[in-house]
Amino acid sequence: MAGTYKHVVLVGIDGAGNFYKKTNSPSINALFREGAGTDRCLTSSPTISAECWGSMLIGVYPEVHGLTNSIVETEKYGKQDHPTIFKLIREARPDAKLAAFCNWSPINTGIIESDAKVYLDTGDDEALTDKICSYIISNRPDFLFVQFDSVDTAGHTFGYGSRKYLECLSAADGYLGKIRDAVEKAGISDDTLFIATADHGGFGQSHGGDSDAEKYVFFAAVGKTVPKGTTVELEVKDIPAAVAHALGVPGSDNWSARVPVGLFAD
Ligand SMILES: [Zn+2]
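In this report, the structure presented in the accompanying data block is examined.

**Details of the packing of helix H8 (residues 150–158) against helix H9 (residues 163–185)**
H9 packs onto H8 with a crossing angle of 175 degrees between their chain directions and a minimal axis gap of 8 Å. Taken as axis vectors, H8 and H9 run roughly antiparallel relative to one another. Packed against H8, whose contacting residues are Ser150, Val151, Ala154, Gly155 and Phe158, the element H9 presents Lys164, Tyr165, Cys168, Leu169 and Ala172 at the interface.

Take a look at the structure:
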């Protein structure tokens, strides 16, 4: 099954919710302008990192993947019936270049299967960005996943939506812009589906609940078959179906992920 795209880049900003509208965020705004998106992408419940990243990478709700922060921090994931998108791509494409650059390293060690043969790296958001850009230019990966963490840390420390939180979100937006530039420099932008989103938002200095600020996140995607300026309907658990559809990789029989309505013209 041939895909529409040779490459997919998925950048997740932990704890970003849909707060980008409240701060300077030219890179996210450019994705909305050049592609399709929504501010009402529903994440999983509870609105906690492992639960939500798990849904984004596995395509099922937390009660199915069973991941929690303490589990991903101490155990390896490997449910055969519920593979991550990395494992699905690996099974379809033995030679695919897959990479994950996660500031919160339990995603690398506790969600992504070790036998999916994914290039893994970790570090603070800024250092990670430099490594990601070099990696993209040298390797032109089939699928690259990024998790930035500084925004969520700022939310817990200073409050979600606070001035310092929003400054952090603007900085993350800048990292996102550098990654898009790297895709351009690598000469693969025409053949790349580029997605940016978040795992959850936050309220006060925490998250986990069901308030709008916690459960709705932004989602924006740009690619040659993505209609410009349109609104997409999806949940975070649908994202792996978008990735699989773009690359032409069969999805999992057991997931709840659906290709987002309005994302692709094809
Ligand atoms: Zn999180």
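Next comes the rest of the description.
**Here's the deal with the pairing of strand S7 (residues 216–222)**
Most of S7 is tucked away, with seven of its seven residues classed as buried. Bridge count for strand S6 (residues 192–197) against S7 is four bridges, and the pairing is antiparallel. What sits directly across from Ile195, in S7, is Ala221.

**Focus: the coordination of the zinc ion**
At the metal site, the zinc ion is ligated by Asp14 (OD), Ser49 (OG), Asp199 (OD) and His200 (NE2), and these contacts range over 1.9 to 2.0 Å. Considering all four donor atoms around the zinc ion, angles at the metal cover 91 to 121 degrees and the coordination shape is tetrahedral. Here the donor residues of the zinc ion share one chain and are spaced in sequence as D-x34-S-x149-D-H. A single burial state applies to Asp199 and to His200, both of which are buried.

**Digging into the environment of Gly177**
Looking at the secondary structure, you find Gly177 in helix H9. Residues Gly177 and Ser25, spaced 152 residues apart in sequence, show a C-alpha to C-alpha distance of 9.5 Å.

**A short note on the pairing of strand S2 (residues 36–42)**
In terms of residue burial, S2 counts as a mostly covered element, since five of its seven residues are buried. Bridging between S2 and S7 involves five bridges; their strand directions are antiparallel. Pairing of Leu42 across the sheet is with Tyr216, part of S7.

**Considering the layout of surface pockets**
In this structure, the largest pocket encloses a volume near 250 Å³. The wall of the largest pocket is formed by 16 residues, among which Glu34, Arg180, Glu184, Ser189 and Val222 lie closest to the centre. Every element with two or more residues in the lining of the largest pocket is listed here: helix H1 (26–34), H9 and S6. Counting residues per element, the lining of the largest pocket draws most heavily on H9, which supplies five residues.

Conventions adopted
Residues numbered from 1 in each chain as written. Predicted model: local features only at pLDDT ≥ 70, side-chain atom pairs only at ≥ 80, totals over all residues. Heavy atoms only, no water. Axes fitted to C-alpha atoms, helices over the stretch in contact; angles between N-to-C directions. Helix = DSSP H or I, 4+ residues; strand = E, 2+ residues; numbered from the N terminus. Parallel < 35°, antiparallel > 145°, perpendicular 65-115°, else oblique. Contact = heavy atoms within 4.5 Å. Buried < 20%, exposed > 50% of the residue type's maximum accessible area, 1.4 Å probe, protein only. Pairing = 2+ DSSP bridges. Donors = N, O, S within 2.8 Å, 3.2 Å for Na, K, Ca; no water. Tetrahedral: all angles 85-135°; square planar, octahedral: opposite > 155°, others 65-115°. 1 Å grid on protein atoms, 1.4 Å probe; cavity = no way out; pocket = protein on both sides within 12 Å on 5 of 7 lines; lining within 4 Å. Points joined across faces, edges and corners; volume = space filled by probe spheres on them.

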